[in-house]
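Geometric and topological summary
The lines below spell out each chain.
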Amino acid sequence: MLDFVFHNATKIIFGKGTEDRTGRELSKYSKKVLLHYGGGSIKRTGLYDRIIKSLSEAGVEAIELGGVKPNPRLSLVREGIDLCRKHKIEAILAVGGGSVIDSAKAIGIGVPYEGDVWDFYKGRQVEKMLPLGVVLTIPAAGSESSGGSVITNEDGLYKRAANSVCMRPVFAVMNPELTFTLPAYQTAVGAVDIMSHVLERYFTNAKEVDFTDRLCEATLRTMIVNTPIALKEPENYDARAEIMWASTIAHNDLLGTGRLADWATHGIEHELSAIYDIAHGGGLAIIWSAWMKYVYKHDVKRFAQFASRVWNVEPDFRNLERTALEGIEKTKSFFSSLGIPVTLTEAGISSDRFEEMASKATERGPLGNFVKLNREDVREIYKLAL
Ligand code: NZQ
Ligand code: ZN
């Protein structure tokens, strides 16, 4: 096990009706906040009205900025920074999913910084962010307690991440009932993203990490059992609750303690969602099995362990490679069973821009820690995903 520091200070407020506590919680940070949200789902579901009520009961004034799109854009972030400065806002409330939260984080780090906020997405270290509270409406990205924010710069279609421990929200309100209204597609791609955050950490070269291996496997099993239930019964509270808590645990860094995570698949996917504007989890469902097929020989034993413990494949000790390959197939067919495309062809994406995407993905150096991937490797993985 590698040495580590684990510090996750996001307060989780989990359960039925918890959104009513938002105003009280937020008022500990400021009486004037930016209320940031997406394209309108919160108004359709009635959540918006409940949040406004909770804020006003706590004496919190809200300046609004809606309109965050999935794969959030830099231009709206800039607008948010100007708005916060104009109204001297000192805290932000994000109501939505990963896109809204990431946009809120970008605004929160941009306000106290004199330069261009995009500097942070080009590698500048973040040192400060306005306090950010979250009401989560879709379990997927894990941004409600992660230190990351992923933003797309329309100028050149660059999708890049900024990361810092100071970018973790101060609190996250998580009511599984709020996820009953999710379309099946968003439930499915969200589940793939959650599982991806575990897989990125599972495929590591660190040795003697059995405890975190087991935590990863338990999280994956929870998703494998509960996602089909939530798809069939969107208002099944218990399944929604399991998924929602798993989404946070998958990406709050607990599962990565003592091990070096990979992150190549995310890097390869971000080029897809930047250029084709597909859902991040949708892109991951396509890339995973291609990446696995490309790298599994690096550690056949780990892949066989994954197959056996996560997918209940009977291990073939005389031919572990066969066991490993069966685990990869099971992963792909599970994603497919959720009703989403698992190849580029199924998603209507051709090989036209593979060179460009492979170059952009590796422009800051090789991707991945489990196996280092250069431009040619990434291009081959796109080909395998066709
Ligand atoms: O915009 P609205 O109208 O609210 O609709 C949203 C959006 O269209 C809808 N939705 C959300 N909650 C709903 C709902 N519809 C009905 N009922 C509800 N309760 O769902 C759509 C997708 O929302 P989005 O926020 O884009 O989803 P997600 O949480 O998957 O976030 C994706 C973004 O997060 C980034 C991704 O790259 C992508 O840009 N990621 C962020 C990470 C982080 N900050 O740590 C890590 C991840 O790996 C990921 O890269
Ligand atoms: Zn992700």
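Quick look at the coordination of the zinc ion (ligand 2)
Of the protein atoms, only Asp193 (OD), His197 (NE2), His266 (NE2) and His280 (NE2) coordinate the zinc ion (ligand 2), at distances of 2.0 to 2.2 Å. For the zinc ion (ligand 2), the single-chain donor residues occur in sequence as D-x3-H-x68-H-x13-H. Of this pair, Asp193 and His197 are both found in helix 7 (residues 184-202), four residues apart, which corresponds to roughly one turn of the helix. With relative accessibility at 2%, the residue His197 sits in the buried group.

Some details on the site of ligand 1
Taken together, 33 residues lie around ligand 1, and Gly39, Ser41, Gly98, Ser99 and Ser146 are the ones closest in. Within the side chain of Thr137, an N or O atom sits 2.8 Å from a nitrogen atom of ligand 1. The contact in question runs from an oxygen atom of ligand 1 to an N or O atom on the side chain of Lys159, over 2.8 Å. For ligand 1, the protein covers 89% of the area, taking 970 Å² as the surface of the free molecule.

Side note on the state of the cysteines
Tallied over the full model, the rule gives zero disulfides. Considering cysteine sulfurs only, Cys84 is the nearest to Cys166, which forms no disulfide, with 16 Å between them.

Observations regarding the packing of aromatic side chains
Applying the stated rule across the entire model yields 18 aromatic pairs. Their ring planes at 10° and their centres at 5.4 Å tell us that Trp118 and Tyr121 sit as a pair that is stacked. On the criterion of helical spacing, the pair formed by Trp118 and Tyr121 is a turn pair, its members being three residues apart in helix 6 (residues 118-121). Residue Trp118 shares its accessibility class with Tyr121, and that shared class is buried. Ring centres of Trp311 and Phe334 lie 5.6 Å apart, and the angle between their planes is 50°; on these two criteria the pair is classed as tilted. Taken together, the positions of Trp311 in helix 12 (residues 300-311) and Phe334 in helix 13 (residues 320-337) put the pair 23 residues apart, joining distant regions of the chain. As far as burial versus exposure is concerned, Trp311 and Phe334 are alike and both buried. Of the aromatic side chains, those joined through ring pairs into one cluster are Tyr202, Phe203, Trp288, Trp291, Tyr296, Phe303, Phe306 and Phe370. Sitting above the plane of the Tyr237 ring, Lys16 keeps its charged end 4.4 Å from the centroid.

Here's the deal with the domain arrangement of the protein chain
How large an interface is tends to be reported as the accessible area lost when its parts come together. Assigned domains of the protein chain: these are domain 1 (11-178) and domain 2 (182-384). Taking only C-alpha atoms into account, the centre of domain 1 sits 26 Å from that of domain 2. Facing 31 residues of domain 1, the contacting portion of domain 2 comprises 29 residues. Interface of domain 1 and domain 2: buried area, both sides summed, is about 2400 Å²; carbon and sulfur atoms make up 56% of it. One can count 12 residue pairs in polar contact (both at pLDDT 80 or more) joining domain 1 with domain 2. Of all the secondary structure elements, the ones that give two or more residues to the side of domain 1 that touches domain 2 are strand 1 (11-14) and strand 7 (158-163). Partitioning the side of domain 1 that touches domain 2 into residue classes produces 14 nonpolar, nine polar and eight charged.

Cut-offs applied
- Residues numbered from 1 in each chain as written.
- Chains lettered and ligands numbered in written order.
- Predicted model: local features only at pLDDT ≥ 70, side-chain atom pairs only at ≥ 80, totals over all residues.
- Heavy atoms only, no water.
- Donors = N, O, S within 2.8 Å, 3.2 Å for Na, K, Ca; no water.
- Helix = DSSP H or I, 4+ residues; strand = E, 2+ residues; numbered from the N terminus.
- Buried < 20%, exposed > 50% of the residue type's maximum accessible area, 1.4 Å probe, protein only.
- Near = heavy atom within 4 Å.
- Polar contact = N/O pair within 3.5 Å; in protein donor to acceptor, adjacent residues only side chain to side chain.
- Areas by Shrake-Rupley, 256 points an atom, 1.4 Å probe, with all protein chains shown as cover.
- Disulfide = S-S within 2.5 Å.
- Phe/Tyr/Trp six-rings, centres within 6.5 Å; stacked < 30°, edge-to-face > 60°.
- Lys NZ or Arg CZ within 6 Å of the ring centre and 35° of its normal.
- Domains from an automatic or database assignment.
- Contact = heavy atoms within 4.5 Å.
- Buried area = accessible area lost by both parts, 1.4 Å probe.
- Nonpolar A, V, L, I, M, F, W, Y, C, P; charged D, E, K, R; others polar.

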